[in-house]
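# Topology and contacts: notes
Given next are the chains, with one letter for each unit.
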Amino acid sequence: MIEIPKRIYEKFLRFALENANPLKSRKSWKECIGLVLGRISDDNLFVTDIIPIGTGSSVFVDITDYEKVFSLISFERIDKGEVIIGWAHTHPGLGLFFSGTDINTQLSYQGMHPKSFGLVLDPTQIQSDFSGFNIYRVSETTKRPYTVEYNFDEPINFEKVNNLLKSELFDIKVPLAELEPVIISKSEIEWGEIILKLVGPSEIKYRKRFFIYLELQLPYRQYARIDYQQNVHRFKNNEARSTNEENYFFHETLSSGTLAIFSYTIDKDEQIKLVLNDISITIYSQEMRKLPQLSYEIK
Ligand SMILES: [Zn+2]
């Protein structure tokens with residue numbers, strides 16, 4: 001038996017989607033490769049992590065730098081009994097199978113431990129009741145791959161989890177001079193019923209705060225988590241003055257509405273550019289949401 005925690009599945013799927021973004025041209029897609037760590041107990045394998053180790057062209061991935069690979073595993077993990085129990089890679093849009101190279105790679109893993117396995121994920125194969133991946137081993141005698149069963153530590157609606165989506169750059173510019181129109185490179189991203197948009201700015205008066213709103217429209221009874229990186233660039237007379245990397249943010253929401261309000265002040269002749277990138281959204285049905293326990297303190 002092979003058991004995979006839901007959060008590790010999500011971690012590897014996120015890595016896969018970052019490198020094979022369904023919103024970007026297939027030409028830019030890359031295969032990903034990771035190392036599977038876990039614990040072995042009798043006949044059972046418990047996956048504890050999948051560590052990303054690289055990406056390759058869309059037809060070939062390989063582990064070439066073993067020393068680097070093994071240095072990724074800390075001694076604390078080894079002390080806790082975690083060992084390499086397999087490898088994982090993606091076939092974005094290519095389907096689930098083991099190529100000739102995959103068979104050879106798998107045989108070298110089985111040489112280290114006979115229970116080692118190879119996981120192949122193609123995110124385009126995901127359905128609400130199918131994870132989008134198969135687990136394989138290779139017969140030592142026939143050298144043919146065969147699939148191995150696996151299960152998860154909790155039930156997963158894979159289609160919903162797959163809505164971990166990556167977006168392209170998302171930015172809004174505020175004008176140089178009053179009355180000049182707002183320059184919007186891309187202010188709205190749409191994935192079916194899900195719409196994420198930047199709205200604004202509110203009325204601009206120099207040296208007074210104005211606002212830009214990040215709004216999300218969700219299907220009924222779904223909730224979302226959005227992660228993004230925020231940058232603010234300031235220009236004066238079209239020359240860059242400063243860039244403020246405000247790093248990563250996330251918001252969680254139960255329904256459609258405003259997720260964030262960005263507020264700035266600008267001087268006359270100043271221009272500001274707000275850029276959100278590395279946007280990812282995870283959509284969950286409300287039933288899947290674990291509500292936090294509320295607690296009150298009386299003083
Ligand atoms: Zn492959």
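Keep in mind that this is a model prediction, so the values were computed, not measured.

Looking only at helices and strands, one finds five helices and 18 strands in the protein. Residues counted as buried form 25% of the 299 residues belonging to the protein. Long-range pairs, those at least 24 residues apart, make up 66% of the contacts in the protein between residues at least 6 apart in sequence.

As a further point, take the nonpolar core. Counting residues in each nonpolar core, the largest one holds 32 residues, and the members touching the most others are Phe12, Ala16, Val36, Ala88, Leu119 and Leu121. Element by element, the count of residues in this core is highest for helix 1 (residues 6-19), at seven residues. Not counting residues up to four positions away in its chain, the partners in contact with Leu121 are Phe12, Ala16, Ala88, Thr90, Gly132 and Phe133. One finds Ala224, Tyr228, Ile281 and Ile283 within the second-largest nonpolar core, a separate group that totals seven residues.

Another aspect to go through is the sheet that holds strand 2 (residues 31-41). Strand order in the open sheet formed by eight strands is 7-6-5-4-2-3-1-8, and the pairing between neighbours is mixed. Of all the strands in the sheet, the pair left with one neighbour each is strand 7 (145-148) and strand 8 (151-152). Pairing between strand 2 and strand 3 (residues 44-56): 11 bridges, direction antiparallel. Each residue of the ladder has a partner; that of Gly38, found in strand 3, is Val47. The strands touched by helix 1 are strand 1 (2-4), strand 2, strand 3, strand 4 (83-90), strand 5 (117-121) and strand 8; relative to strand 3, the strand with the most contacts, the crossing angle is about 15 degrees.

This part takes up helix 4 (residues 100-112). Since the α-helix advances by 3.6 residues per turn, residues separated by three or four positions end up pointing in the same direction. End to end, helix 4 covers 19 Å across 13 residues, agreeing with the expected 18 Å (1.5 Å per residue, within 8%). Those residues of helix 4 that are buried are in contact with strand 4, strand 5 and strand 6 (133-138).

For the protein, the mean per-residue pLDDT works out to 78, and 79% of the residues sit at or above 70. Low pLDDT, under 50, characterises residues 176-182; the predicted model gives this stretch 10 contacts beyond four residues in sequence or across chains. Of the regions scoring below 50 in pLDDT, residues 288-299 engages in three contacts with residues more than four places distant in sequence or in other chains.

Notably, Asp42 is not glycine yet its phi reads approximately 50 degrees, a positive angle. Turning to its location among the elements, Asp42 is positioned in the loop between strand 2 and strand 3. Take Asp42: there are 6 C-beta atoms within 10 Å of it, and that puts it in the exposed class. Backbone geometry at Lys143 places phi at a positive 60 degrees, although glycine is not the residue there. Looking at the secondary structure, you find Lys143 in the loop between strand 6 and strand 7. Using a count of 12 C-beta atoms within 10 Å as the deciding quantity, one classes Lys143 as exposed.

Among the secondary structure elements, Gly34 is positioned in strand 2. Counting along the chain gives 85 residues from Gly34 to Leu119, while the straight-line C-alpha distance between them is 9.4 Å. Those residues in contact with Gly34 that lie beyond four places of it in its chain are Phe12, Phe15, Ile50, Ile51, Pro52, Ile53, Trp87 and Ala88.

All right, on to helix 1 then. Relative to the 20 Å expected for 14 residues at 1.5 Å per residue, helix 1 spans 20 Å between its end C-alpha atoms, a close match to the ideal helical length. Residues of helix 1 that are buried: Ile8, Tyr9, Phe12, Leu13, Phe15, Ala16, Leu17 and Asn19.

Within strand 2, eight of the 11 residues are buried, which leaves the element mostly enclosed by the surrounding structure. With six bridges joining them, strand 2 and strand 4 adopt antiparallel strand pairing. Residue pairing for strand 4: Leu37 is matched across the bridge by Ile84.

Cut-offs used in this document
Starting from 1, residues in each chain are numbered consecutively following that chain's sequence as written. Predicted model: local features are reported for residues with pLDDT of at least 70 only, side-chain atom pairs are reported and counted for 80 or more only, and whole-chain, interface and lining totals are derived from all residues. Strands are runs of DSSP state E lasting at least two residues, helices are runs of H or I lasting at least four, and both sets are numbered from the N terminus onward. Remark: C-beta atoms are placed from the backbone, and a residue is labelled buried if 20 or more other C-beta atoms sit within 10 Å of its own, exposed if 12 or fewer do, or partly exposed between those counts. We call two residues in contact if the C-beta atoms placed from their backbones are at most 7 Å apart. Among buried residues, those of type Ala, Val, Leu, Ile, Met, Phe, Trp, Tyr and Cys that are joined through C-beta atoms within 7 Å form a set called a nonpolar core. The pairing criterion for strands is at least two bridges between them, as found by DSSP. A fitted line through C-alpha atoms represents every axis, and for helices the fit uses only the stretch in contact; the resulting angles, taken between N-to-C directions, go from 0 to 180 degrees. To estimate how far a helix should extend, the number of its residues minus one is multiplied by 1.5 Å. The predictor attaches a confidence to each residue, and that confidence, scored 0 to 100, is pLDDT.

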